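Chain residues, written in single-letter form:
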Amino acid sequence: MPILVKREYKCSHCSAKRAHTCSHCSATGPAFRCPCKNAFYCNRSCQLAGFSNHKPQCATLLAKKIKTKELCLGTSNHATIAEDSQKLALLYSEQGELGKAEGFMRKALCIMLGYGAWQEEVAKVRYELGILLREQGKLREALEEHNHALRIRCSLPSLDPHEVAESHIGVGNVFLTLQKPDETFAHFEEAYNMIPTDSPYSAKIRLCIVNAAQQLDTDNSLSLALCERVVGDFDRENGTLAVDGETRALAKLVLASIYIKRNVRFQDAGRMLDSGLQIVREIYPRRHAREGDFLACIGDLYFRQGKHGDALAAFRKAEKVFRQTIGVCASNTINAMFQAGRALLAQGKFSMAATKFEEAVAIRRGIVTDGGDAHATHLLGRDLFSLAVCRQEAGDLSGAVACLRECRGLSGIPERLSSECAEMLAELGVE
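The sections below set out a description of the structure shown in this document.

Thresholds, definitions, all that
Residues numbered from 1 in each chain as written. Predicted model: local features only at pLDDT ≥ 70, side-chain atom pairs only at ≥ 80, totals over all residues. Heavy atoms only, no water. Helix = DSSP H or I, 4+ residues; strand = E, 2+ residues; numbered from the N terminus. Buried < 20%, exposed > 50% of the residue type's maximum accessible area, 1.4 Å probe, protein only. Contact = heavy atoms within 4.5 Å. Areas by Shrake-Rupley, 256 points an atom, 1.4 Å probe, with all protein chains shown as cover. Expected span 1.5 Å × (residues − 1). Axes fitted to C-alpha atoms, helices over the stretch in contact; angles between N-to-C directions. Parallel < 35°, antiparallel > 145°, perpendicular 65-115°, else oblique. Left-handed = near helix turned anticlockwise from the far one by under 90°. Nonpolar A, V, L, I, M, F, W, Y, C, P; charged D, E, K, R; others polar. Salt bridge = Lys/Arg side-chain N within 4 Å of Asp/Glu carboxyl O.

**So, the overall build of the protein chain**
Of regular secondary structure, the protein chain possesses 19 helices and three strands. With the C-alpha coordinates of the protein chain rotated into their principal frame, the extents come out at 85 × 55 × 45 Å. By residue count, 44% of the 431 residues in the protein chain fall in the buried class. Across the protein chain, the fraction of contacts at a sequence separation of at least 24, relative to all contacts at a separation of at least 6, is 54%. As displayed, the protein chain offers around 21500 Å² of accessible surface, 51% of which is attributable to carbon and sulfur atoms.

Here it is, written out as C-alpha cells:
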C-alpha cells in the first residue's frame, strides 16, 4: 500500500483552498493524499479502511506492479505487462497526465507488436493512443494511429461495425481539430451509416456530428445533410427525454443556425428553435445557458427577417440568461450585448446602441489585455468597428475616429477588417 503524502491545502496558482473530501469517510479537508494524487484520506486508518475501493484506480500501485513483473519475468515482452501498461495509461489519462499516459500506451503497443498480439487488441491500443495524441495536439501522429486502427478493424474477418464506426469517429475528430470539414463529415457519415439508429452508440455519433457542425460553422453541404438526418431521426423516435433530450435540442439549434446563416427555410428554423427551447426548459427547470443559446438564435432569426424589435427583445433575454448562468465576461454574454447593439442600431437608436457596444468593447478589451487569443482580438476589432459606425451615425466623429484607430492598432485582426477601418477613416478625412 502506498505511503501517504502530506497534501497542500491551497492551490499553488491562486491560493484558494481545494475542496477535496476523504475517499473513505467523506470528511472535508483531508490532510493526506495517495501518491497517485487520485485519493485523499484523513489519516492512515481511513486509508486502510478505504483502500480496497481505491486499489483498482491507484496508478502508483499499478506502476510498481509493472516494474515487479518486468523484474520477475526478465523481459518486458509479456502479455500481462502490456495489459497493465494499457490500464495504467488510461488511469493517467483520466488524471490529465497525458504525457505519462502516452508513454505507457506506446509501451503496451510495442510489447503487443513484439509478441504478436491479436489484431483486435492492437487496433484498440492504437485507437486509444490516437486519442491521447490528439488531446496533446500531436495531430499528424494521432491521424496515423487512428488510420492504423481503422485499417486493422476493416480487414478483420469478423468485422465489428461498432469498432469500425469508433475508428471513423476517431479519424473524424482529428480532422475536426485540423478544421477540415470535408474529411470530418465524410468519416462521421461512414460511422453513422454503419450503426442502426436504435443503437445506443448511434446517439454518440449524432452528438459528434452536431458538435462538429457547431464548431466548424461551415456551409459544407454534407454537414447540412447530416444535421437534417440527425434531426429527422430524433423526430421519428420517441426517446426518453432524460436520455437524449440535450442532444435532440442541440441538433435542432445547430440545424436552425445553419438555415439562418444560409437565409433559407426560416419557418422551419423557427419551429425547430421553439421546439428545442421547450425541450431545454423541460430538462432544466432553472435557468441554464443553453436557454440563452436558443434565445440568441431566435434573435438572429428575427434580425434577418427585419423584425428588429423582436430581435432586440430576444437578445436582451439571452443576455440576462447568460449573465445569470455563465457570467458577464463569458463570450456568449458579450455576443448577446453586441447583437442587442446591432438591433438598436438598425432601429436608429444610436445612443442606446453605442452604450451596448461600449459595454461589450470594455469587457473584450479586458480579455485581450489579460492575454486573450487571436479570436478574442478579432471580436474586439469587430465590436470597435461597430461602435465607430454607431458614433458616426450619431455625429460623434472624433469618437468614431478613436474607435477606428484602436481597431487598426490591434495585432492580428483580419485584413478585411483593417481595410474597412482604413476606408472609413478616409471617408472621415483622416489618414
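Past the structure itself, the notes keep going.
**As for helix 3 (residues 79-94)**
For helix 3, built from 16 residues, the straight-helix expectation of 22 Å at 1.5 Å per residue is met to within 8% by its first-to-last C-alpha distance of 23 Å. Within helix 3, the full set of buried residues consists of Ile81, Ala82, Asp84, Ser85, Gln86, Leu88, Ala89, Leu91 and Tyr92. In this structure, the buried residues of helix 3 make contact with helix 2 (59-73), helix 4 (98-115) and helix 5 (119-135). Gly96, located one to two residues past helix 3, shows a positive phi value of around 85 degrees.

**Brief notes about the packing of helix 17 (residues 374-393) against helix 18 (residues 397-408)**
Pairs of packed helices are described in terms of their axes, by the angle between the two and the distance that separates them. Contact geometry for helix 17 and helix 18: axes closest at 8 Å, N-to-C directions at 165 degrees. In this view, helix 17 runs roughly antiparallel relative to helix 18, as classed from their interaxial angle. Handedness of the helix 17/helix 18 crossing: left-handed. Contacts from Gly381, Leu384, Phe385, Leu387, Ala388, Arg391 and Gln392 in helix 17 reach Leu397, Gly399, Ala400, Cys403, Leu404, Glu406 and Cys407 in helix 18. Tallied by class, the residues present in the contact of helix 17 with helix 18 amount to nine nonpolar, three polar and two charged.

**Points about unusual backbone geometry**
In the Ramachandran plot, Ser26 falls in the positive-phi region, its phi being about 70 degrees despite a non-glycine side chain. As for its placement among the helices and strands, Ser26 is situated in the loop between strand 1 (5-6) and strand 2 (32-33). A relative accessible area of 51% places Ser26 in the exposed class. Here Arg265, not a glycine, exhibits a phi torsion of approximately 50 degrees, which is positive. Following the sequence through the fold, Arg265 ends up in the loop between helix 11 (241-261) and helix 12 (266-283). A residue is classified by how much of its surface remains accessible, and Arg265, at 46% relative accessible area, is partly exposed.

**Description of the pattern of salt bridges**
Counting across every chain of the model gives 31 salt bridges. For Lys100, the salt bridge is made with Glu97, and the minimal N-O distance between the two is 3.1 Å. Glu97 sits in the partly exposed class, given a relative accessible area of 22%. For the salt bridge of Glu359 with Arg323, the shortest nitrogen-to-oxygen distance reads 2.4 Å. Here Glu359, found in helix 16 (residues 350-369), pairs with Arg323, found in helix 14 (residues 308-325); they are 36 residues apart in sequence, far enough to count as distant. Overall, Glu359 belongs to the partly exposed group, its relative accessible area being 27%.

**Examining the side chain of Ser167**
As for its placement among the helices and strands, Ser167 is situated in helix 7 (residues 161-177). If near-sequence neighbours (up to four positions away) are discounted, Ser167 is found in contact with Tyr127, Ala149, Leu150 and Arg153.

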